[in-house]
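Each chain, written out:
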Amino acid sequence: ADSYFGVGVYLVTGATSKNPKLNGPYNVTSANQNAFMNRSIVKILVDPQNNNIVFCATSSGVGGLGAQTGATLPNRGLYRSTNFTSANPTFDQLTVGPGTNVICTSAAMDPTNPDHVVCSLFGQVADSKGHNLQGGLYYSANATSATPTFTLATVTKGPVVSKNLAILINVKLDISPDGQTILAATDEY
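Below is a summary of the structure that appears in this document. Everything numeric in this text was worked out from a predicted model, so none of it was measured.

## Observations regarding the sheet that holds strand β8 (residues 117-122)
The sheet built from 4 strands is open, its strands ordered β7-β8-β9-β10 with antiparallel pairing. This sheet does not close on itself; its edge strands, each paired only once, are β7 (103-109) and β10 (151-152). Judged from the 5 bridges that link them, β8 and strand β9 (residues 136-140) form a sheet pairing that is antiparallel. The partner of V117 across the bridge, within β9, is S140.

As structure tokens, this is what we get:
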């Protein structure tokens, strides 16, 4: 695992005042199921045009010897809240890739267009030939819509070679301020 587990997302209001207030943790889905308990949140994205829209990339987490024994863990993946500034915000898992319990190692949002979101998945399911069926970089052009779609991205290495990124393990992402360049650091290629 790459980090300690947590209990959800916190919001600090009045952070620059003399009396900041810690709110949360927020961690339930719209169906009142736990979304984040004993999982790690590896990246949080906030829509710069609408702070009600918040994305959380979740992964596995550790918590010491026997800390998760018997715990029913929520699915890992990319979650989104569309009501984050409400009294009771909820987070629901988005469909990214072919699995429902995939490690989302990072995410990046275009600061000029919050509909453009890229996330990296660490696939754990392989076919009979050992090809990873879940991992890779997934892109959405409608991430803030009611039902966003994510498609597996391809990249070029060198001037001619194009390769599917389904073999990637742990990728961390960032994006340029103009949204035109995405940086991906990986432990394997």
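## Focus on the nonpolar core
Counting 17 residues, the largest nonpolar core has F55, L78, V96, V117, C119 and F150 as its most contacted members. Sorting the residues of this core by element identifies β4 (54-60), β7 and β8 as the ones contributing at least two each. With 9 residues, the next largest nonpolar core counts Y26, V54, F84 and F91 among its residues.

## A few points about the sheet that holds β4
Read from one edge of the open sheet, 4 strands run β3-β4-β5-β6, paired in antiparallel fashion. Single-partner strands in this sheet number two, and they are β3 (39-46) and β6 (92-93). In terms of strand pairing, β4 meets strand β5 (residues 78-81) through 4 bridges, oriented antiparallel. When the sheet's bridge partners are listed, C56 is paired in β5 with Y79.

## Some remarks on unusual backbone geometry
Note that the residue after G24, namely P25, is joined by a cis bond; omega there is 10 degrees. Structurally, P25 can be placed in strand β2 (residues 21-26). The phi dihedral of N32 is positive, around 65 degrees, even though this residue is not glycine. Judged by relative accessible area, which is 60%, N32 ranks as exposed.

## Observations regarding the side chain of S60
Note that S60 resides in strand β4. Within the structure, the side chain of S60 is placed 2.6 Å from the side chain of R76, a separation counted as a polar contact.

## Description of the pairing of strand β13 (residues 171-175)
Alternating residues of β13 divide into V171, L173 and I175, all buried, and K172 and D174, none buried. Note: β13 against strand β14 (residues 182-186), 5 bridges, orientation antiparallel. Considered in β14, the bridge of D174 is made with L183. Connecting the antiparallel pair β13 and β14 is a turn made up of 6 residues, with G179 showing a positive phi of about 75 degrees.

## Points about the packing of aromatic side chains
For the coordinates displayed, the defined rule picks out 4 aromatic pairs. Ring plane angle 85 degrees and centroid distance 5.8 Å describe the contact between Y26 and F84, whose orientation is recorded as edge-to-face. In this pair, Y26 is assigned in strand β2 and F84 in the loop between β5 and β6, connecting sequence segments 58 residues apart. Residue classification places Y26 among the buried positions, given a relative accessible area of 15%.

## Concerning the side chain of T105
Checked against the element boundaries, T105 lands in strand β7. There is a polar contact of 2.6 Å between the side chain of T105 and the side chain of S120. Looking at T105, its side chain comes within polar contact range of the main-chain oxygen of V171, at 2.7 Å.

## A look at the environment of N113
Assignment of secondary structure puts N113 in the loop between β7 and β8. For N113 and T144, which are 31 residues apart along the polypeptide, the C-alpha to C-alpha distance reads 9.9 Å.

## Remarks on a nonpolar patch on the surface
Residues Y10, V12 and L22 make up a contiguous nonpolar surface patch of about 300 Å² in total accessible area. With respect to the helices and strands, L22 occurs in strand β2. On the basis of relative accessibility, which here comes to 56%, the residue L22 falls in the exposed class.

Conventions adopted
- Along each chain, residue indices are assigned from 1 in the same order as the chain's sequence is written.
- Reporting in this predicted model follows two pLDDT cut-offs: at least 70 for local features of residues, and 80 or more for side-chain atom pairs to be given and counted; totals over whole chains, interfaces and linings ignore these cut-offs and use all residues.
- Hydrogen atoms and water are omitted, and side-chain values are computed over all heavy atoms in the structure.
- We treat two strands as partners when DSSP finds at least two bridges between them.
- Secondary structure elements follow DSSP: runs of H or I no shorter than four residues count as helices, runs of E no shorter than two count as strands, and numbering proceeds from the N terminus.
- Nonpolar core, defined: a set of buried Ala, Val, Leu, Ile, Met, Phe, Trp, Tyr and Cys residues in which side-chain atoms within 4.5 Å join the residues together.
- Only protein chains enter the calculation, and the probe is 1.4 Å; a residue is then buried if its accessible area is under 20% of its type maximum, exposed if over 50%, and partly exposed in between.
- Think of a polar contact as two N or O atoms within 3.5 Å of one another; within protein, one of them needs to be a possible hydrogen donor and the other a possible acceptor, and neighboring residues in sequence only count if both atoms come from side chains.
- Between the rings of Phe, Tyr and Trp (Trp by its six-membered ring), a pair exists once the centres lie within 6.5 Å; its type follows the angle of the planes, with under 30 degrees stacked, over 60 edge-to-face, and the other angles tilted.
- Patch construction takes residues with relative accessible area above 30% that form no salt bridge. Like charges are linked within 9 Å, and nonpolar side chains (Val, Leu, Ile, Met, Phe, Trp, Tyr) are linked within 5 Å.
- For every accessible area listed, the method is Shrake-Rupley and the probe measures 1.4 Å; residues are considered covered only by the protein chains on display.
- Any carboxyl oxygen of Asp or Glu that lies within 4 Å of a side-chain nitrogen of Lys or Arg is treated as forming a salt bridge with it.

None of the figures reported here should be taken as evidence of function without further support.
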